[in-house]
Amino acid sequence: MKAKFITVKGSERLGREPFYVGVLQHERTMSRREAYEYIAGQTGYTPTAVRAVFMAVAEYIRENQARGNITYIDGVASIRNYVRGAFEGLAGPWVKGRNVIMVNAVEMEPFKTVLAAVVPENNTEGAKPVINTVLDETTRVYDEITGTDVFSIAGANLAPDATKDDEYVALVDAHGVETKATMTFSDLQNVKAHLEAALPAGEYTLKVYTRSGLGDQFGVTVAARKVAIA
């Protein structure tokens, strides 16, 4: 398997000497449906059966954590409650909104070290999104999108996360009016999307807003390319 990471400067509060930490770059985000189908393909069970197992495990965890227990999922993780938020003194008090009970998963073997042998590639200098081509998958014409056809965006370091409000694909007209497209697939090299309603013909700027799979601690960057709407 291939994995990539970038290095970023660590917090100056933690030491006098500069140091760097690594942040892994996620290839893509799978929807629940895609995850169920992938696991089904790997195990031989149906997607419905896989979904049922996940739902049963989730209910088991909810019930255990509500009782204040620790949930053990053998070979994967132990799940336990913890308190978040500072207190004014030894006696509290508990302040709603500032103090909350959270749920945390602690990895267990062999899940914890399943990727121990993988040596990732340092992608620090290249973690910037780039659009190389845009292809209408129906007409097979590059840089021209017809109606609500699915179009494929090929490039590097793309992977916009459809679950994030500020990561998306959009077409921008000459007046700066932005129309979001619906994403159907997204990884670092390829994004597929389509418009819900056809736009007026003309020249547009296609934009991909993304963190390139690097997580919430990073800002959103934009890759852009001129395209035509037929």
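Preceding this paragraph is the structure being described.
Residues numbered from 1 in each chain as written. Predicted model: local features only at pLDDT ≥ 70, side-chain atom pairs only at ≥ 80, totals over all residues. Heavy atoms only, no water.

Q: Help me understand a nonpolar patch on the surface in this model?
A: Taken together, the side chains of Met1, Val76, Phe111, Val114 and Leu115 define a hydrophobic patch exposed on the protein surface, amounting to about 520 Å² of accessible area. Within the element layout of this structure, phenylalanine 111 appears in the loop between strand 5 (100-107) and strand 6 (121-122). We classify phenylalanine 111 as partly exposed; its relative accessible area is 45%. (Patch = residues over 30% accessible without salt bridge, like charges linked within 9 Å, V, L, I, M, F, W, Y side chains within 5 Å. Areas by Shrake-Rupley, 256 points an atom, 1.4 Å probe, with all protein chains shown as cover. Salt bridge = Lys/Arg side-chain N within 4 Å of Asp/Glu carboxyl O. Helix = DSSP H or I, 4+ residues; strand = E, 2+ residues; numbered from the N terminus. Buried < 20%, exposed > 50% of the residue type's maximum accessible area, 1.4 Å probe, protein only.)

Q: What is the right way to read the environment of proline 120 from this model?
A: One can find proline 120 in the loop between strand 5 and strand 6. Among the residues examined, proline 120 registers a relative accessible area of 29% and is labelled partly exposed. Separated by 67 residues in sequence, proline 120 and valine 53 have C-alpha atoms that sit 32 Å apart. If we skip the residues at most four places from it in the chain, proline 120 touches Ala3, Lys4, Phe5 and Leu24. (Contact = heavy atoms within 4.5 Å.)

Q: I tried to follow the environment of isoleucine 229 on my own but got confused; where do I start?
A: Along the chain, isoleucine 229 falls in strand 15 (residues 221-229). Here isoleucine 229 falls in the buried class, since its relative accessible area comes to 4%. Excluding residues that lie within four positions of it along the chain, isoleucine 229 makes contacts with Ile145, Leu171, Leu195, Leu199, Pro200, Ala201, Gly202 and Tyr204.

Q: For this particular structure, what's the right way to read the nonpolar core?
A: The nonpolar side chains of a soluble globular protein tend to be buried with one another. In terms of nonpolar packing, the biggest core is built from 20 residues, with Phe151, Ile153, Val169, Leu171 and Leu206 touching the most fellow members. The set of elements that each furnish at least two residues to this core consists of strand 7 (130-136), strand 9 (151-156), strand 10 (168-172), strand 13 (190-194), strand 14 (202-210) and strand 15. Residues contacting leucine 206, with those up to four places away along its chain left out, are Ile131, Val134, Phe151, Ile153, Val169, Ala170, Leu171, Ala223, Ala224, Arg225 and Val227. In this structure, Ile6, Val23, Ala127 and Phe218 belong to the second largest nonpolar core, which totals five residues. (Core = buried A, V, L, I, M, F, W, Y, C linked by side-chain atoms within 4.5 Å.)

Q: Sorry if this is basic, but what is going on with unusual backbone geometry here?
A: Trans is the prevailing form of peptide bonds, just as negative phi is the prevailing case for residues other than glycine. For the bond running from glycine 92 to proline 93, omega is 0 degrees, close enough to zero to count as cis. Structurally, proline 93 is set in the loop between strand 4 (77-84) and strand 5. In this structure, arginine 140 takes a positive phi of about 65 degrees despite not being glycine. Inspection of the secondary structure assignment puts arginine 140 in the loop between strand 7 and strand 8 (144-145). A positive phi angle is found at serine 212, which is not glycine, with a value near 55 degrees.

Q: Where do I start with the sheet that holds strand 3 (residues 71-73) in this structure?
A: Strand order across the open sheet formed by three strands is 3-4-5, with antiparallel pairing between neighbours. The sheet is open, and its two borders are formed by strand 3 and strand 5, each paired with just one other strand. Adjacent strand axes in the sheet meet at a mean angle of 30 degrees, parallel and antiparallel pairs treated alike. Where strand 3 lies against strand 4, three bridges are found, and the strand directions are antiparallel. The residue of strand 4 that forms the bridge with isoleucine 73 is alanine 77. Docked against the sheet, helix 2 (residues 47-66) engages strand 3, strand 4 and strand 5, running at close to 150 degrees with respect to strand 3. (Pairing = 2+ DSSP bridges. Axes fitted to C-alpha atoms, helices over the stretch in contact; angles between N-to-C directions.)

Q: Please explain the sheet that holds strand 6 as it appears in this structure.
A: The strands that make up a sheet pair up through hydrogen bonds in the backbone, lying either parallel or antiparallel. One open sheet accounts for three strands, arranged 2-1-6; its pairing is mixed. The sheet is open, and its two edges are formed by strand 2 (20-25) and strand 6, each paired on a single side. Two elements, strand 1 (residues 4-9) and strand 2, share six bridges in a ladder whose sense is antiparallel. Directly across from phenylalanine 5, in strand 2, lies its bridge partner leucine 24.

Q: Is there a simple way to explain the pattern of salt bridges in this structure?
A: Proximity of charged atoms lets side chains of opposite charge pair with each other. Enumeration over the complete set of coordinates arrives at nine salt bridges. One salt bridge in this structure joins lysine 192 and glutamate 137, with 2.4 Å as the shortest N-O distance. Of this pair, lysine 192 sits in strand 13 while glutamate 137 sits in the loop between strand 7 and strand 8, placing them 55 residues apart in sequence. Given a relative accessible area of 24%, lysine 192 falls into the partly exposed group. Arginine 225 is the salt-bridge partner of aspartate 143, the closest N and O atoms lying 2.8 Å from each other. Taken together, the residues span a long stretch of sequence, with aspartate 143 in the loop between strand 7 and strand 8 and arginine 225 in strand 15 at a distance of 82 residues. By relative accessible area, aspartate 143 is classed as partly exposed at 26%. According to the relative accessible area criterion, arginine 225 is partly exposed, its value standing at 26%. In the salt-bridge network here, residues are joined through shared partners; they are Asp166, Glu167 and Arg211.

Just geometry here; none of it tells us what the structure is for.
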